[in-house]
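Commentary on secondary and tertiary structure
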Amino acid sequence: MKKPASAGQDRYTYLTQTPVNRLIVRLAIPTIISMLVTGIYNTADTYFVGRISTQATAAVGLVFSVMAIIQAFGFFCGHGSGNYISRMLGAGETREANEAASTGFALALIIGILFAAVGIIFVEPIAVFIGATPTTLHDAATYMRIILLGAPFMMCQFVVNNQLRFQGAATYAMVGLLCGAILNIFLDPLLILVFHMGVAGAAIATITGQAVSFVVLLIGSTRGENIRLSIRNVRLNRHYILEIINGGMPSLFRQGMASVATILLNTNAGFYGGDAAIAGMSVVTRITMLMCSALIGFGQGYQPVCSFNYGAGLKKRVRDGYFFCIRYGTIFLTCMGILCFIFAPQVVSWFRPDPEVIAVGSFALRCQVCMLPFLTIVFISNMMLQSIGKGVKASLTSSARNGIFFIPLILILPRLFGLTGVEITQTCADVCAVLLTIPLASSELKKMK
């Protein structure tokens, strides 16, 4: 790895002695760029498919829940092995870090192949289960079938990306994601609008970009001081599996419950508002994810600082970094929330200029951005708890927003308030998630004084 500091500094010195605020910013710049570009190309399919029809937009939104499950297992293996790698490097245990990296990658590859095989066989029943209507079933199944072919690449890409970040090699991680994202953004209009391939073109663009990212990231892992992945280092034993579970379960809960939440959201939106409501809520989900992606990138710059310094016993640096991220993350999301509240109809119409979609999306977006600044506490606290190995607390905070609170609320509020209940569910869940996160994070921060 090319050292961001002077040539004489090794990784340990750089991560434990560089002023915390400056270090987080240095590591966060490439991760923020990575997350923003990833967020942009995640919305690219929605934008260009929106030029086709409301039904096509709804279909892509439905399959997003399946992509969330793929991402969940990728982050499970990536964060699980990455957290452990960073702590072991901080403690000087290089052999364990090498074995954890290869084991995490191998586990993701196995899960990805199984997921693709089973998913393709049962693609139409799965499409119906996630909320496809007779008018969206064909597009949803077509899009999902192609996405599932790329599941092994997608999962392994998330693993290598996160392992690089936790080693402090955020630039390599950024370059890998950028290559795939730029290719996807280029292919979307070409395949959808020029070659008229519809949702199939959008799916091909997505998996092509993911495959290219995977290859570039794999090459990056062979550079500099980065850990080399090797089949000889794979240890699918109890020790490493448990470490991956402890470090990765919060991510699996967060992304897995987000997928369940998306299915329930789409099902209820379709029942109370039809395809236009599914499309509107899908657009809002992509918009809020794009705004949060910058904060997540900022937090990802903090994660290697947190886990490495915690492993090295420098807990004051962990606290200082936490409050630095909370302060500036809140300012950023406040500004973004104000802009989206004022221009909600214009933002939604940019994706799908359908009056019914705009009506649903505008109200839901305004409700959600009211809680946007407070989500900084949820995201950064979850990353801190996960990075220091507090698996249970991290799992609770990660699953609160889109699981513990969202799932029961989406089953209750629409029955009481109809479509309005669907539109306000995420906001109510966010309020509850913040109230749960504060005491869980505070208890660990007090121990670090």
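This is a predicted model, so every value here is computed, not measured. (Residues numbered from 1 in each chain as written. Predicted model: local features only at pLDDT ≥ 70, side-chain atom pairs only at ≥ 80, totals over all residues. Heavy atoms only, no water.)

1. Remarks on the pattern of salt bridges
Scanning the entire structure with this criterion turns up 7 salt bridges. Residue lysine 316 pairs with aspartate 320 through a salt bridge whose shortest N-O separation is 2.8 Å. Of this pair, lysine 316 and aspartate 320 both sit in helix 11 (residues 315-342), 4 residues apart, roughly one helical turn. Lysine 316 sits in the exposed class, given a relative accessible area of 58%. Relative accessible area serves as the criterion here: at 33%, aspartate 320 is assigned to the partly exposed category. Here arginine 401 makes a salt bridge to aspartate 430, at a shortest N to O gap of 2.6 Å. Pair noted here: arginine 401 is in helix 15 (residues 391-404) and aspartate 430 is in helix 17 (residues 419-447), with a separation of 29 residues, a long-range link. No difference in accessibility class separates arginine 401 from aspartate 430, as the two residues are buried. A cluster of three or more residues bridged by salt bridges with shared partners is formed by Arg95, Glu99 and Arg235. (Salt bridge = Lys/Arg side-chain N within 4 Å of Asp/Glu carboxyl O. Helix = DSSP H or I, 4+ residues; strand = E, 2+ residues; numbered from the N terminus. Buried < 20%, exposed > 50% of the residue type's maximum accessible area, 1.4 Å probe, protein only.)

2. Some points on the side chain of arginine 401
Accessibility expressed as a relative area gives 13% for arginine 401, which makes it buried. Side-chain polar atoms of arginine 401 contact the side chain of aspartate 430, separated by 2.6 Å. Those residues in contact with arginine 401 that lie beyond four places of it in its chain are Leu375, Phe379, Phe406, Gln426, Ala429, Asp430 and Ala433. (Polar contact = N/O pair within 3.5 Å; in protein donor to acceptor, adjacent residues only side chain to side chain. Contact = heavy atoms within 4.5 Å.)

3. Some remarks on the environment of arginine 26
Here arginine 26 shows up in helix 2 (residues 20-49). Spatially, the C-alpha atom of arginine 26 lies 11 Å from that of glutamine 300, the residues being 274 residues apart in sequence.

4. A short note on the packing of helix 10 (residues 238-311) against helix 17
Where helix 10 meets helix 17, the closest approach of the two axes is 9 Å, and the angle between their N-to-C directions is 80°. The orientation of helix 10 relative to helix 17 falls into the category roughly perpendicular. Mapping the contact onto sequence places Leu265, Asn268, Ala269, Tyr272, Ala277 and Met281 in helix 10 and Leu419, Val422 and Glu423 in helix 17. Tallied by class, the residues present in the contact of helix 10 with helix 17 amount to 7 nonpolar, 1 polar and 1 charged. (Axes fitted to C-alpha atoms, helices over the stretch in contact; angles between N-to-C directions. Parallel < 35°, antiparallel > 145°, perpendicular 65-115°, else oblique. Nonpolar A, V, L, I, M, F, W, Y, C, P; charged D, E, K, R; others polar.)

5. Notes on the packing of helix 13 (residues 355-369) against helix 17
Between helix 13 and helix 17, the least distance of the axes is 8 Å, while the angle of their chain directions is 30°. Regarding the angle of helix 13 to helix 17, the classification is roughly parallel. Considering only the axes of helix 13 and helix 17, their crossing is right-handed. Contact residues: Ala359, Val360, Phe363, Ala364, Cys367 and Gln368 in helix 13; Leu419, Thr420, Glu423, Ile424, Gln426 and Thr427 in helix 17. A class-by-class count of the residues in the contact of helix 13 with helix 17 yields 7 nonpolar, 4 polar and 1 charged. (Left-handed = near helix turned anticlockwise from the far one by under 90°.)

6. As for helix 17
The first and last C-alpha atoms of helix 17 sit 45 Å apart over 29 residues, in line with the 42 Å expected at 1.5 Å per residue. The largest bend in helix 17 comes to about 40°, at threonine 425. (Expected span 1.5 Å × (residues − 1). Bend = angle between axes of the 7 residues up to and from the residue.)

Any functional reading would require information beyond the geometric quantities listed.
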